[in-house]
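So the chains spell out like this:
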Amino acid sequence: MSTEALAVLAVTVAVAAFVQGSSGLGFALIVAPVAGILDPGLLPVFVLAAMIPLNLYVAWRERASIDLRGAGWITAARLAATPAGLALLWLIPDRSIGLFVGIATVLAAVVSLAAPAFAPGRTAYLGAGVVTGLTETATGVGGPPLALVYQHRPPAELRSTVAACFLVGEVASLALLFATGEGEPGDLGLAAALLPVIAVGAWLSRLVHHRLDARRMRLCVLVFALVSGVVLMLGL
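Residues numbered from 1 in each chain as written. Predicted model: local features only at pLDDT ≥ 70, side-chain atom pairs only at ≥ 80, totals over all residues. Heavy atoms only, no water.

A. Region of the structure containing empty space enclosed by the protein. Counted under the stated rule, the structure contains 2 cavities of 30 Å³ or more. When its volume is computed, the largest cavity comes out at roughly 50 Å³. Along its surface, the largest cavity is lined by 11 residues, and Gln20, Leu25, Gly26, Ala28 and Gly143 are the ones closest to its centre. If you list the elements that add at least two residues to the lining of the largest cavity, you get α2 (27-38) and α7 (143-150). For the lining of the largest cavity, the leading source of residues is α2, giving 3 residues. Residues of the lining of the largest cavity, tallied by class, amount to 7 nonpolar, 4 polar and no charged. Quantified by volume, the second largest cavity comes out at close to 30 Å³. Lining the second largest cavity are Gln20, Gly24, Asn55, Val58, Arg159, Val162 and Ala163. (1 Å grid on protein atoms, 1.4 Å probe; cavity = no way out; pocket = protein on both sides within 12 Å on 5 of 7 lines; lining within 4 Å. Points joined across faces, edges and corners; volume = space filled by probe spheres on them. Helix = DSSP H or I, 4+ residues; strand = E, 2+ residues; numbered from the N terminus. Nonpolar A, V, L, I, M, F, W, Y, C, P; charged D, E, K, R; others polar.)

Written as structure tokens, this is what we have:
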């Protein structure tokens, strides 16, 4: 990767860490399309690995607000669907991964924008977990289904619960990817190298997360996802 591309990726990761640390949504939606444009080989391992320290921080910061019941159902379904996500990755040719991520990102953003208000129950938790297990293992993008479930809950509950669910799921997805040869420990090097910019974005989110208008931030993230997803689909 060239110095210019690495700089673009670093800035993108820092912004994404700030956005997700502030609103609970956005890291993969922002980073996956950009990473796919720069180097499709970064997906999904780089995105999954980069999110682990961020989600660990957010889940710990707002641990008192975690919805343990919802997180339990989501995580159970998420883990059950992880092998199917791996099978989906096997079915996608390397040259088509960018197109697939673009389509998944746009569809997820459209659904998130259009979904009406509702009170989540066990069915919603299980459905979100299954979809997240499929899409996050295959592409690194899994946030919108969880954001849909918690979009009308208090911001602290959304941030902390989504972070906790992601944390368990990302570790499981990476373990399965490595065990089946779809990823290698060496693929973690870039994520480790960008830990400082992840830390900067997370620290900045700490300054504003408690007074941020989460709905406006969510809308900005989803609009960005639509644009970047379309760019990735078109191969621009």
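B. Just the nonpolar core, in detail. Within the largest apolar cluster, 52 residues are counted, with the highest numbers of intra-cluster contacts made by Val13, Phe27, Phe46 and Val47. Looking at this core, the elements that each hand over two or more residues are α1 (3-23), α2, α3 (45-61), α4 (68-91), α6 (122-139), α7, α8 (155-179) and α10 (195-208). With 10 residues, the top contributor of residues to this core is α3. Beyond its immediate chain neighbours, meaning those up to four positions away, Phe27 contacts Val13, Ala16, Ala17, Gln20, Ala32, Val47, Ala50, Met51 and Leu54. (Core = buried A, V, L, I, M, F, W, Y, C linked by side-chain atoms within 4.5 Å. Buried < 20%, exposed > 50% of the residue type's maximum accessible area, 1.4 Å probe, protein only. Contact = heavy atoms within 4.5 Å.)

C. Structural view of the packing of α1 against α10. Contact geometry for α1 and α10: axes closest at 7 Å, N-to-C directions at 30°. In this structure, the crossing between α1 and α10 has a hand that is right-handed. Across the interface between the two elements, Ala10, Val13, Ala14, Ala17, Phe18, Gly21 and Ser22 from α1 touch Val197, Ile198, Gly201, Ala202, Leu204, Ser205 and Val208 from α10. Looking at the contact of α1 with α10 residue by residue, the classes come out as 10 nonpolar, 4 polar and no charged. (Axes fitted to C-alpha atoms, helices over the stretch in contact; angles between N-to-C directions. Left-handed = near helix turned anticlockwise from the far one by under 90°.)

Keep in mind these values describe shape, not function.
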